Amino acid sequence: MSFFSNKTKSRLWITALVITTALSGCLWFSTVSSAKTVQDSQWNLQQDYQFGNVLTIDGIEDNLSGLTYHPQSGHLYGVLNNPEQIVVISKTGELLRTIDLIGFSDTESIDYVKDNIFIVGEERLQTISFITIDDQTTQIHYQDVKTIAVSSPEKENKGLEGIAISQQHGLFMVREKPSRILHFSLSNDKDESQFDAMRNLRLDVGDFSGLTLLNEGSEQKLLVLSDESYSLHVIDLLGQERSRVRLG
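Asker: Where do I start with the sheet that holds strand E14 (residues 180-184) in this structure?
Answerer: Read across the sheet, three strands follow the order E12-E13-E14 without closing on themselves; strand pairing throughout is antiparallel. Edge positions in the sheet fall to strand E12 (160-166) and E14, since each has one partner strand and no second. For this sheet the average axis-to-axis angle between neighbouring strands, irrespective of direction, equals 20°. By the bridge criterion, five bridges tie strand E13 (residues 170-175) to E14 in an arrangement that is antiparallel. Each bridged residue has a counterpart across the sheet, and for arginine 175 the counterpart in E14 is arginine 180.

The structure is reproduced here in structure tokens:
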């Protein structure tokens, strides 16, 4: 028996994934205490949310930097930035396997694309790599994957902190400081000007540290985490902040 609809459970997981990018070695799960939220379809963070149920992940001491959900397996795929690894975690917080990223540097973010394909972001190099993971994968070598440079390399550790892929619009990314939302088209015929307002958005936050894509029917939005400001923000692709919630 389920207390939440499938749509609501999906929302809870997405919220949990973004919150986790600010933590090291822990999972935070979100529960909804208002029945109204189950029926709400606007991703309104002003509803009554409660955050809790911290699970320590045995085997991960530090540097769990990004997390995404793999629907085919029902597992969470996380990325560590030191050592550079991908970790597969059950929904109950059990570490199932580790995959070494050979030749990668400062891997801060990960997102699921489709089938067994994921993208991984390197913060300082500001690159996005497309990788394939199957049940037998134990290592991934940098020279064997397709990599896109979305910007010039950074000397300081304030570059790409979160990535999300849209089949319709391409890559969205958040830069840590100064806090910016970035877009990179995967098609040459896309009109980049449609995202100008989003790229120019300035929020009163200390940083951006996590990102995921929200699907609302035919409309897509971004759920952005600020670690330093302890806040989550829903932002539409027109650059308007739709709602926010403080986490601490």
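After that view, the rundown keeps rolling.
Asker: Just checking my understanding: could you explain unusual backbone geometry for this structure?
Answerer: With an omega dihedral of 0°, the bond running from asparagine 82 to proline 83 counts as a cis peptide bond. The residue proline 83 is located in the loop between strand E4 (75-81) and strand E5 (84-89) in this model. In this structure, proline 178 follows lysine 177 across a cis peptide bond, with omega equal to -10°. The phi dihedral of aspartate 106 is positive, around 50°, even though this residue is not glycine. One can find aspartate 106 in the loop between strand E6 (95-102) and strand E7 (107-114). Of note, the phi angle at glutamine 126 is positive, near 55°, even though the residue is not glycine.

The rules we used
Residues numbered from 1 in each chain as written. Predicted model: local features only at pLDDT ≥ 70, side-chain atom pairs only at ≥ 80, totals over all residues. Heavy atoms only, no water. Pairing = 2+ DSSP bridges. Helix = DSSP H or I, 4+ residues; strand = E, 2+ residues; numbered from the N terminus. Axes fitted to C-alpha atoms, helices over the stretch in contact; angles between N-to-C directions.

Read these as spatial facts, not as claims about activity.
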